[in-house]
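# Structural overview for review
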Amino acid sequence: ALLEGHFGALSRAWKADEMELNRAGLDRGTARYIVTRRATIDPDRELENVISAGVKAITWHDDEYPMRLGEIYDKPPVLYVKGKLPPDDERLVAVVGTRKPSAYGREVAYQLSFDLARAGVTITSGLARGIDGIAHRAALEADQQTVAVLGSGVDVIYPREHNSLAQQIIGNGALVSEHPMGTRPNAQNFPRRNRIISGMTLGTVVIEAPESSGALLTATHAIEQDREVFAVPGNIFSPNSKGVNRLIRDSSAKLVTSVEDILEELNLPTVTHQLEMAAFFPEDEAEAAVLKFVSFDPIHIDEITRNSALAASTVSSALTMMELKGLVKQTGGMNYMRLKETRTAYQVV
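Along each chain, residues carry numbers from 1 onward, in the same order as the chain's sequence is written. Only residues with pLDDT of at least 70 are given local features in this predicted model, and only at 80 or more are side-chain atom pairs given and counted; all residues enter the totals for whole chains, interfaces and linings. Each side-chain value is worked out from all heavy atoms of the structure, with water and hydrogens disregarded.

### Topic: the sheet that holds strand β8 (residues 228-232)
Read from one edge of the open sheet, 9 strands run β1-β2-β6-β5-β4-β3-β7-β8-β9, paired in mixed fashion. Whereas interior strands pair on both sides, the edge strands pair on one side only; in this sheet they are β1 (55-59) and β9 (254-255). Only strands that DSSP links by at least two bridges are regarded as paired with each other. Numbering of helices and strands runs from the N terminus, with a helix taken as a DSSP run of H or I at least four residues long and a strand as a DSSP run of E at least two residues long. When strand β2 (residues 78-83) meets strand β6 (residues 173-177), the two strands line up antiparallel, connected through 4 bridges. The residue bridging Tyr80 from the neighbouring strand is Ser177, located in β6.

Next up, the structure:
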């Protein structure tokens, strides 16, 4: 913005010498770096690489530039987009959190993201391990678009194990970055990209975030950008919950216990109806008795058997049936955790 304001066009700034860049307001070190680096860059070749990779470069002058992102004070001059940005950025919501979520955090992230997506909301996150990846997958499984903002070039997927996920996002959403093609992931890039995640969206939902979590930085950006912040309360003894619980305690975020809390606060109109209700309730006394002793934290089948005072075969059979119906799921090692009793589908009106 500084160079464009001084030179009138970035094409003139590109040709300016070091002294002219100084007069435009850049310090000597930055001006010298630009002049030196410029000698190694061929703009025409860079554009060819972008086009051949199926990537689109969108500047802040283009109509396709996300409207909400254009409102923040440090908006990126260029966005590299692989895939297709949703046409309505009035329905983008960020879902972020720790890279090492608990079983509770994983379940909450999936369910909230799935329900938001079914409500016509485009889930936006950072493609990181943990909550980010879960949120993207939930949106895709809800057959809705999702947007991933990267701290690298859109052709350099990080972490590598999310290569397949990234390809799915390209097919139903977009990968977005302010960094040129070929940019490797860098620790300094990720805090900066968080302002884009919050800047593109109506609000940010934080699920499990330690005190030093990058998700809290995204929430801070959202607050500075006058966007809504939501936080899911967590276990007071868990380090993963310290950040989100502090947001709630300090009134920096609105407490979330269901997707309705988010939709209502953001004034996103929806019509709700229940789907396959019978499948999400226990059908007999044995299932109901077993379900009383299954919580949102994993519990071993032996403990369920002891607590319920039922025969081991009865407990095993009930858990198997309820797992098929989506009431519970096995988390490994014969440990089970509870899922939502009902799932609500939403249609936008």
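Moving on from the model shown.
### What about the side chain of Ser308?
Its location among the elements puts Ser308 in helix α14 (residues 301-308). Contacts: residue pairs with any heavy atoms within 4.5 Å of one another. Leave out the neighbours within four places in its chain, and Ser308 touches Phe293 and Val315.

### Some thoughts on the sheet that holds strand β13 (residues 335-338)
Taken in spatial order, the 3 strands of this open sheet run β11-β13-β12, and their pairing is antiparallel. The open sheet has two edge strands, β11 (299-300) and β12 (328-332), and neither has a second partner. For β11 and β13, the ladder comprises 2 bridges, and the chain directions are antiparallel. Residue pairing in the sheet places His300 in a bridge with Asn335 of β13. Helix α15 (residues 312-324) contacts β12 and β13 of the sheet and is inclined by roughly 105° relative to β12. Note on geometry: axes are C-alpha line fits, over the in-contact stretch for helices, and angles between N-to-C directions span 0 to 180 degrees.

### Some thoughts on the environment of Pro210
Relative to the elements of secondary structure, Pro210 occurs in the loop between β7 (203-207) and α10 (214-224). Think of it in three bands: with a 1.4 Å probe and only protein chains considered, a residue is buried below 20% of the maximum accessible area for its type, exposed above 50%, and partly exposed in between. Residue Pro210 is classed as partly exposed on the basis of its relative accessible area of 22%. C-alpha of Pro210 to C-alpha of Asn240: the two residues are 30 residues apart in sequence and 4.5 Å apart in space. In contact with Pro210, other than residues within four places in its own chain, are Thr98, Leu216, Pro239, Asn240 and Gly243.

### Brief notes about the packing of helix α9 (residues 189-199) against α10
Between α9 and α10, the least distance of the axes is 8 Å, while the angle of their chain directions is 50°. Considering the angle they form, α9 stands oblique to α10. Read as a crossing pair, α9 and α10 show a hand that is right-handed. On α10, the residues touching Pro191, Asn194, Arg195, Ile197 and Ser198 of α9 are Gly214, Leu217, Thr218, His221 and Ala222. Ten residues, namely Ala, Val, Leu, Ile, Met, Phe, Trp, Tyr, Cys and Pro, are considered nonpolar, four, namely Asp, Glu, Lys and Arg, are considered charged, and the remaining ones, Gly among them, are considered polar. Looking at the contact of α9 with α10 residue by residue, the class counts come to 4 nonpolar, 5 polar and 1 charged. Convention used here: angles under 35 degrees read as roughly parallel, angles over 145 as roughly antiparallel, angles from 65 to 115 as roughly perpendicular, and any remaining angle as oblique. Handedness of a helix crossing follows the sense of rotation of the near helix relative to the far helix, less than a right angle counterclockwise being left-handed and clockwise being right-handed.

### Notes on the packing of aromatic side chains
Between 30 and 60 degrees the pair is tilted, below 30 it is stacked and above 60 it is edge-to-face, where a pair is any two Phe, Tyr or Trp rings, Trp via its six-membered ring, whose centres lie within 6.5 Å. Taken as a whole and judged by the stated rule, the model has 2 aromatic pairs. For the ring pair Tyr110 and Phe114, a centre distance of 5.8 Å and an interplane angle of 20° mean the geometry is stacked. Here Tyr110 pairs with Phe114, and both are found in helix α6 (residues 103-118), just 4 residues apart, close to one helical turn. Given the relative accessible area of 14%, Phe114 is considered buried. Relative to Phe190, the ring of Tyr158 has its centre 5.9 Å away and its plane inclined at 45°; by these criteria the two rings are tilted. One end of the pair, Tyr158, is in the loop between β5 (146-149) and α8 (163-171); the other, Phe190, is in helix α9, and 32 residues separate them in sequence. Lysine and arginine charges are scored as sitting over a ring when NZ or CZ, respectively, is within 6 Å of the ring centre and within 35 degrees of the ring normal. Geometry around Tyr158 places Arg129 over its ring, the cationic atom sitting 5.9 Å from the centre.

### Some remarks on the nonpolar core
As used in this record, nonpolar core signifies buried Ala, Val, Leu, Ile, Met, Phe, Trp, Tyr and Cys residues forming a set joined through side-chain atoms within 4.5 Å. In terms of nonpolar packing, the biggest core is built from 29 residues, with Leu69, Val81, Leu85, Val176, Met200, Val206 and Leu247 touching the most fellow members. Contributions of two or more residues to this core are made by β2, β3 (92-97), β5, β6, α9, α10, β8 and α11 (242-249). Here the element with the most residues in this core is α10; it accounts for 4 residues. In this structure, Met200 is in contact with Pro66, Arg68, Leu69, Leu85, Asp89, Leu92, Val147, Val149 and Arg227, ignoring residues within four places of it in sequence. If you look at the next biggest cluster of nonpolar residues, it comprises 28 residues, including Phe114, Ile134, Ala135 and Ile207.

### Examining the side chain of Thr124
Within the secondary structure layout, Thr124 lies in strand β4 (residues 122-125). Take Thr124: its relative accessible area is 0%, and that puts it in the buried class. With residues up to four places along the chain from it excluded, the contact list for Thr124 reads Leu92, Val93, Ala94, Val95, His136, Val147, Val149, Ile197 and Thr201.

### Observations regarding the confidence of the model for the chain
Overall, the prediction assigns the chain a mean pLDDT of 87, with 89% of residues at 70 or greater. Each residue gets a pLDDT score, which is the predictor's confidence in that residue and runs from 0 to 100. Averaged pLDDT values for the elements of the chain fall to 43 in strand β10 (residues 270-274) and rise to 98 in β5. Contacts for the low-pLDDT stretch residues 271-279, under 50 throughout, to residues beyond four places or in other chains number 20 contacts. This model gives residues 341-349 a pLDDT under 50, and the stretch forms 42 contacts once residues within four places in sequence are excluded.

### Quick notes on a negative patch on the surface
In this analysis, a patch consists of residues with relative accessible area above 30% that form no salt bridge, clustered at 9 Å for like charges and at 5 Å for the nonpolar side chains Val, Leu, Ile, Met, Phe, Trp and Tyr. A 1.4 Å probe and the Shrake-Rupley method give the accessible areas. Residues count as covered only by the protein chains that appear here. When a carboxyl oxygen of Asp or Glu is within 4 Å of a side-chain nitrogen of Lys or Arg, the pair counts as a salt bridge. Positive charge is attributed to Lys and Arg, negative charge to Asp and Glu, and no charge count is given to His or to the chain ends. Taken as the charge centre is NZ of Lys, CZ of Arg, CG of Asp or CD of Glu, depending on the residue. Together, Asp42, Asp44, Glu46 and Glu48 make up a negatively charged patch on the protein surface. As for its position among the elements, Asp44 is in helix α5 (residues 43-52). Classification of Asp44 as exposed rests on a relative accessible area of 56%.

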